Amino acid sequence: QVQVVESGGGLVQAGGSLRLSCAASGGTFSSYDMGWFRQAPGKEREFAAGIRWNGGTYYTGSVRGRFTIARDNAKNTVYLQMNSLKPEDTAVYYCAARLATAQLLTWGYNYWGQGTQVTVSS
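Read on for an overview of the structure. Please read these numbers as outputs of a predicted model, since none were measured by experiment.

Rules used throughout
Per chain, residue numbering runs from 1 following the sequence as it is written. At least 70 in pLDDT is required for a residue's local features to be given in this predicted model, at least 80 for side-chain atom pairs to be given and counted, and no such filter applies to totals for whole chains, interfaces and linings, which use all residues. The side-chain numbers reported here are obtained from all heavy atoms of the structure, hydrogens and water having been left aside. For helices the rule is a DSSP run of H or I covering at least 4 residues; for strands it is a run of E covering at least 2, with both sets numbered from the N terminus onward. Per-residue accessibility, obtained with a 1.4 Å probe over protein chains only, is compared with the maximum for each type, and a residue is labelled buried under 20%, exposed over 50%, and partly exposed between these values. Residues grouped as a nonpolar core are buried Ala, Val, Leu, Ile, Met, Phe, Trp, Tyr and Cys residues, joined through side-chain atoms within 4.5 Å. Throughout, a contact is declared for two residues whenever any of their heavy atoms are within 4.5 Å. Pairing between strands requires that DSSP locate at least two bridges from one strand to the other. For helices, the axis comes from a line fit to the C-alpha atoms of the stretch in contact; other axes are also lines fit to C-alpha atoms, and the angle between any two N-to-C directions lies between 0 and 180 degrees.

### Quick look at unusual backbone geometry
At step 1: Within the chain, N76 stands out as a residue other than glycine whose phi angle is a positive 55°.
At step 2: Along the chain, the position of N76 falls in the loop between β7 (67-72) and β8 (77-82).
At step 3: Exposure remark for N76: the relative accessible area of 27% places this residue in the partly exposed category.
At step 4: Here the phi dihedral of S84 falls at roughly 50°; this positive angle occurs in a residue that is not glycine.
At step 5: Mapped onto the secondary structure, S84 falls in the loop between β8 and β9 (91-99).

Structure follows, in structure tokens:
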């Protein structure tokens, strides 16, 4: 059973940066695709960024060019570097994992963390 735990959320002013971390355990990390999702108040959870077992990445349009997802297989950790943050980025951010597949990175995750709050003030 894979477990993922997020950290690094907080309060930041618009235009600022945050780096989220997600530590995974209980599986062979290098065999997993990893994703970051977010859920804003009153909205459905949405895909933000994903990274394949081999390093391939994909971003939703609203974060492309501002967010960067990366993984460190030696540390069993995936990161989400968030720059040029906007108030509309305010959300609970969730890390997710799935065994590597050829499916799109936007869905199909089996393991989820509890989430970390990111609040961007204007």
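### Observations concerning the nonpolar core
At step 1: Membership of the largest hydrophobic core comes to 27 residues, with the highest contact counts inside it found for M34, W36, V78, L80, M82 and Y93.
At step 2: Apart from residues no more than four positions distant in its own chain, Y93 is found in contact with E6, L20, W36, F37, R38, F67, L80, M82, G115, T116 and V118.
At step 3: Core analysis: the next-biggest nonpolar cluster, separate from the first, contains five residues, F37, F47, A96 and Y109 among them.

### Quick notes on the side chain of S21
At step 1: In this fold, S21 is placed in strand β3 (residues 18-25).
At step 2: If near-sequence neighbours (up to four positions away) are discounted, S21 is found in contact with V5, E6, S7, W36, T77, V78 and Y79.

### What about the sheet that holds β7?
At step 1: Strand order in the open sheet made by the four strands is β1-β3-β8-β7, with antiparallel pairing throughout. The two strands at the open ends of the sheet, each matched to only one other strand, are β1 (3-7) and β7. Along the sheet, successive strands turn relative to each other by an average axial angle of 15°, direction set aside.

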